[in-house]
Amino acid sequence: MYADEIDTKKLLQKVLSYSQAEQTEVVYLGTESALTRFANNHIHQNVAESDGELRVRAVVGKKIGVASTNRLDDESLRRVTEQALEIARIQPENPEFHSLPQPQSIIPALGYNERTAEFTPEERARRVGIVVQLANEQGLEAAGAFSTGTHYMAVANSLGIFAYEPRTESE
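None of the values given here were measured: they were computed from a predicted structure.

A short note on the packing of aromatic side chains
Centre-to-centre distance and the angle between the planes together describe a pair of aromatic rings. Per the counting criterion, the structure on display carries 1 aromatic pair. Look at F119 and F146: their rings are 5.6 Å apart centre to centre, the planes differ by 65°, and that puts the pair in the edge-to-face class. With a gap of 27 residues between them, F119 in the loop between α3 (114-117) and α4 (121-137) and F146 in strand β4 (residues 144-157) connect regions that are remote in the sequence. A relative accessible area of 16% places F119 in the buried class.

Details of helix α1 (residues 5-18)
For α1, spanning 14 residues, the distance from its first C-alpha to its last is 20 Å, which sits close to the expected 20 Å at 1.5 Å a residue. When α1 is considered as a whole, its buried residues turn out to be T8, L11, L12, V15, L16 and Y18. For α1, the buried positions fall inside an angular range of 160° around the axis, keeping them on one side. Turned more than 90 degrees away from the buried face of α1 sit I6, K10 and S17, all of them exposed. Residue D4 occupies the N-cap position of α1, its side-chain oxygen lying 3.0 Å from the main-chain nitrogen of I6.

What to know about the pairing of strand β3 (residues 63-69)
Across 7 bridges, strand β2 (residues 42-60) lies against β3 in antiparallel orientation. The residue of β3 that forms the bridge with V59 is I64.

Quick look at the layout of surface pockets
By volume, the largest pocket is sized at about 300 Å³. In this structure, the largest pocket is lined by 19 residues; those nearest its centre are A109, M153, Y164, E165 and P166. Listing elements by their share of the lining of the largest pocket, those giving two or more residues are β1 (23-39), β4 and β5 (162-170). Its residues assigned to classes, the lining of the largest pocket shows 14 nonpolar, 3 polar and 2 charged.

Describing the nonpolar core
Membership of the largest hydrophobic core comes to 23 residues, with the highest contact counts inside it found for L12, Y28, L54 and L77. Setting aside anything within four residues of it in sequence, one finds L12 in contact with V26, Y28, L54, A154, V155, A156 and F162.

As for the pattern of salt bridges
Inspection of the entire model under this criterion finds 6 salt bridges. Here E25 makes a salt bridge to R57, at a shortest N to O gap of 3.1 Å. With E25 in strand β1 and R57 in strand β2, the pair connects residues that are 32 residues apart, well separated along the chain. Between R115 and E123 there is a salt bridge, and its shortest N-O distance comes to 2.9 Å.

Here we look at the side chain of T81
Here T81 is to be found in helix α2 (residues 74-90). According to the relative accessible area criterion, T81 is buried, its value standing at 4%. At a separation of 2.8 Å, a polar atom in the side chain of T81 contacts the main-chain carbonyl oxygen of L77. Not counting chain neighbours up to four residues away, the residues in contact with T81 comprise V15, Y18, S19 and V56.

About the criteria used
Sequence positions are assigned chain by chain, starting from 1 and proceeding in written order. Only residues with pLDDT of at least 70 get local features here, since the model is predicted, and only at 80 or more are side-chain atom pairs given and counted; chain-wide, interface and lining totals rely on the full set of residues. Neither water nor hydrogens contribute to the side-chain values; these are computed over all heavy atoms in the structure. Two rings from Phe, Tyr or Trp (for Trp, the six-membered ring) form a pair when their centres sit within 6.5 Å of each other. Planes less than 30 degrees apart are called stacked, planes more than 60 degrees apart edge-to-face, and all others tilted. By the criteria applied, helices consist of DSSP H or I runs no shorter than four residues and strands consist of E runs no shorter than two, each listed in order from the N terminus. Only protein chains enter the area calculation, which uses a 1.4 Å probe; residues under 20% of their type maximum are buried, those over 50% are exposed, and those in between are partly exposed. The length a helix should cover is 1.5 Å for every residue beyond the first. Of all possible arcs, the one meant is that of the directions from the helix axis to the C-beta atoms. Counted as a polar contact is a pair of N or O atoms within 3.5 Å, where, for protein atoms, one must be capable of donating a hydrogen and the other of accepting one, and residues adjacent in sequence contribute only when both atoms are in side chains. What makes two strands pair is DSSP finding at least two bridges between them. With a 1 Å grid spanning the protein atoms alone, the term cavity applies to any set of points in which a 1.4 Å probe fits but cannot get out, the term pocket to an open set with protein on both sides within 12 Å along at least five of seven lines, and the term lining residue to any residue with an atom within 4 Å of a point. Grid points are joined across faces, edges and corners, and a volume is the space filled by probe spheres set on the points. Side-chain classes follow a simple rule in which Ala, Val, Leu, Ile, Met, Phe, Trp, Tyr, Cys and Pro form the nonpolar group, Asp, Glu, Lys and Arg form the charged group, and the remainder, Gly included, forms the polar group. Definition of nonpolar core: a set of buried residues of the types Ala, Val, Leu, Ile, Met, Phe, Trp, Tyr and Cys, connected through side-chain atoms within 4.5 Å. Whether two residues are in contact is decided by their heavy atoms, any of which lying within 4.5 Å being enough. In what follows, salt bridge is the name for a side-chain nitrogen of Lys or Arg lying within 4 Å of a carboxyl oxygen of Asp or Glu.

Here you go:
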């Protein structure tokens, strides 16, 4: 799993270096998420997940192939790059395709909050405890879930594009 912009850029550049296609695009999607569930005024589950997925788009003329993997070791990165190229070679031409994008200015979306990204299981439990306490005081039973997550997206292509955006969410 890659969460740091510098390391993610190195990963995408490595994949681009493996490509033999005329043009190549690499997209990285990373997720770190955690969930605390409660029912009958008690926490009964706390889970966390971390995952990363890489998608490679290879272009040969007007033929395009896409392959993806969530294995990020060097051999898997080489293999997914080759698979995208093999798929492109057997595709029919797309007459509407002209080129991958050229570098351009990018306006950040600013969807990242450090506090949300660093939320711990203990902090989620404390917040659930408030809901449970309020329910108990009213003679009610509370049930639900409290989740936090950070998502990372990065795009690079063989024409010089690189963009990286982390974002957080809570529910």
